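Read off the chains here:
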Amino acid sequence: MATKVEIQNLYKIFGKKEKQALELAKKGHSKEEILEKTGATVGVNSASFKVEEGEIFVIMGLSGSGKSTLVRMLNRLIEPTAGDILIDGENVSQMNKDELRKVRREKLSMVFQNFGLFPHRTILENTEYGLEVQGVDKETRQKKAEAALDNAGLLPYKDQKPNQLSGGMQQRVGLARALANDPEVLLMDEAFSALDPLIRRDMQDELLEMQEKMHKTIIFITHDLNESLRIGDRIAIMKDGEVVQVGTGEEILTNPANDYVERFVEDVDRSKVLTAENIMIRPQTLRANKQGPRVAAQQMKAEGLSSMLVIDDQHQLKGYVTDKDVLAAVKSNIRNFDSILRTDIPRVAKDTLIGDLYDIIYDSDTPVAVVDENNRLEGIVIRSLVIGALAKEREEESNNGE
Amino acid sequence: MENSILDVIPEIPVADWMANFIDWLTDNLSWLFDALRDSGDWVMDSMTELLLLVPPVVFIILLTALAFFAGSKKWGLPTFTVLGLIYIYNQGLWEPLMFTITLVIVASLLSIIIGVPLGILMAKSEIANFIITPILDFMQTMPAFVYLIPAVAFFGIGMVPGVFSAVIFALPPTVRFTNLGIRQVSDEMVEAAQSFGSTGSQQLFKVELPLAKATIMAGINQTVLLALSMVVIASMIGAPGLGERVINALQRAQVGPGFVAGFALVVLAIILDRTLQGFNKD
């Protein structure tokens, strides 16, 4: 894949004595030192990263970390103090006004935290805006805007004003407006942060669904780690204007680059991040073709188990047997599991979230089997593990609360 | 007065400087002032004559209909308009009313034509804001009568100097409210406009001015009312209209006629104010 957006040593200094502060920042002085010496604030400090075409690249950080400043430098709503911004290899930071306007019109679209819809314009007129400023004739731009609204299921609302719509719907309009002029890169600044949690989750799903069809390059700003893990192909973590780590969610969770990232990562809601794969254990299994009730009875006794899973030679899950049934079968001198095999065991995929797993396991007498798409057994999850994983989270929450 | 250290500084001849400056302007730009006065007089005389051609009954019906639609189709304002205008006609003040309306319309239009662009300039440029703000303060706080003197020096007496002083007095609210309205447009709106690649004028006309409209209209409303009050004062330098009647009554200490004309002005002010406000709400 090609690199779509690249930033190199990007700086933003706010305040007077810009040059002096920039020199200090380049020498590696900290944000506090520079503020003390020059009175200038370092918004973004030597940020560099590459965004590949077609990926969702999340920039995450707490408020004041410079993430919103950074994304605004990509389309130069904020002028960078130093550094380069390359989009398709073209240096945006060197462009004159006309070239910049062309890039804004044709390549970049932005979605805003508070939706950024114009209250005096109807939904359709809002969606048309990007095409309107390009001078597209009325008929064409209405057709394109209506198509974008139709995609988002909003066509019936086209003649309403933004304040007549709910927050979630307004942001769908914001997204439809951004997509109406078919940009290559979508900049989303805390796009879902103003929405309530359930709506936010729906919007994340919709974004992912849309991305499967459209393959835009999306740069998504958020302060919410769960959100970044859910939607981000790769994540950049920012602190005090610096990019401290770039990697996939998995990499960041397992290998936090420094204490800051680690602390950030600790706050993750485990039930929304950990999956069956993270807590499943290797099960004791029986081979349907090779082993019978006597072996089963022997192993259950040795391991102190009340039930065991039965698989075939292809490692596919057949079902399970209980200790009572096994003993009865041994007494009746039965040689295979066919008559005592039970199949009412819950099966889940390994990417099932623990939060969802909890409900399944709560109602089940048996462990939950983790299987792949071919029904091959990958592991089991037992109740105590789910509760243990969730309890760890509660414990941390109560510690944080003190 | 006792001698003070401050007496070391001799009196600075500010009054002479100002007088010299106005004299210089009058001498050197008289061709311009004369042209403005002649064309202004012609425009306003024709306008008043035109207004007087409209039969009072028709005029009252039209204005009442306007008030009806402005006041969200309620009956309070239209009723007041009908009764108020009948009162003015009844008291023999119809012709002065038309002169006053002409002066207010011309002064307000000029204020808007000058004021809105000036307000936009102030909103867009910190330098313009820095320079124009104290000038507006000056225009608003200097006693209104003081404008009358240079107005007479430039234009003699009559309608044109009246409009000139009314514009100076009534201009600031439109400028200030336009500036305020545009500055109040939220950053996100401006960023949204810019992020789609709007040019400066697209941003102004498609986003900023529509969003600032209510605020600008509030400023224009103020301007119209200030223009009305200044038009009355301008009667002291020969501007015709209802104010002329008030001044005449004042000079002869006639309580009755003074009240009659003064009340007519109040009626006009209320009709103008409520009608404009009504349109602003829509």
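Residues numbered from 1 in each chain as written. Chains lettered and ligands numbered in written order. Predicted model: local features only at pLDDT ≥ 70, side-chain atom pairs only at ≥ 80, totals over all residues. Heavy atoms only, no water.

(A) Just the sheet that holds strand S5 (residues 90-91) of chain A, in detail. Residue and element names in this part refer to chain A. With antiparallel pairing, the four strands of this open sheet are ordered in space as S2-S1-S4-S5. Pairing within the sheet leaves two strands with one partner each, and these edge strands are strand S2 (41-52) and S5. Each of strand S1 (3-14), S2 and strand S4 (82-87) touches helix H3 (residues 67-74); the most contacted strand, S1, lies at about 120° to it. (Pairing = 2+ DSSP bridges. Helix = DSSP H or I, 4+ residues; strand = E, 2+ residues; numbered from the N terminus. Contact = heavy atoms within 4.5 Å. Axes fitted to C-alpha atoms, helices over the stretch in contact; angles between N-to-C directions.)

(B) Geometry of the sheet that holds strand S15 (residues 368-371) of chain A. All names here are of chain A. The strand order across the open sheet formed by three strands is S14-S15-S16, and the pairing between neighbours is mixed. Unpaired on one side and paired on the other, strand S14 (347-348) and strand S16 (377-381) mark the two borders of the sheet. Along the sheet, helix H16 (residues 354-362) contacts S14, S15 and S16; its crossing angle with S15, the most-contacted strand, is approximately 135°.

(C) Highlighting the UniProt feature "transmembrane region" (unreviewed entry) in chain B. All names here are of chain B. Within this numbering scheme, the UniProt entry marks residues 50-68, 75-92, 98-123, 144-171, 224-243 and 255-272 as carrying the feature "transmembrane region" (unreviewed entry). Its end C-alpha atoms 24 Å apart, residues 50-68 is made of 89% helix and 0% strand. Its end C-alpha atoms 16 Å apart, residues 224-243 is made of 60% helix and 0% strand. (UniProt positions renumbered as here; feature names shortened; annotations may be inferred.)

(D) Spotlight on unusual backbone geometry. Residue and element names in this part refer to chain A. The phi dihedral of Lys-17 falls on the positive side, at around 55°, and the residue is not glycine. Take Lys-17: its relative accessible area is 47%, and that puts it in the partly exposed class. Phi is positive for Glu-190, close to 50°, though the residue is something other than glycine. In this fold, Glu-190 is placed in the loop between strand S7 (185-189) and helix H8 (197-214). By relative accessible area, Glu-190 is classed as buried at 6%. (Buried < 20%, exposed > 50% of the residue type's maximum accessible area, 1.4 Å probe, protein only.)

(E) Region of the structure containing the interface of chain B and chain A. Between chain B and chain A, the residue contacts involve 16 residues of the former and 26 residues of the latter. A per-residue breakdown of the area chain B buries against chain A is headed by B:Glu188, B:Phe196 and B:Lys206, which together make up 38% of the total. Applying the counting rule to chain B against chain A returns two salt bridges. Here B:Glu191 and A:Arg72 are joined by a salt bridge, their closest N and O atoms 2.6 Å apart. (Buried area = accessible area lost by both parts, 1.4 Å probe. Salt bridge = Lys/Arg side-chain N within 4 Å of Asp/Glu carboxyl O.)

(F) Looking closely at the UniProt feature "domain: CBS" (unreviewed entry) in chain A. The positions that UniProt labels "domain: CBS" (unreviewed entry) are, in the present scheme, residues 279-339 of chain A. The straight-line gap between the two end C-alpha atoms of residues 279-339 of chain A is 32 Å; of that span, 34% is helix and 23% is strand.

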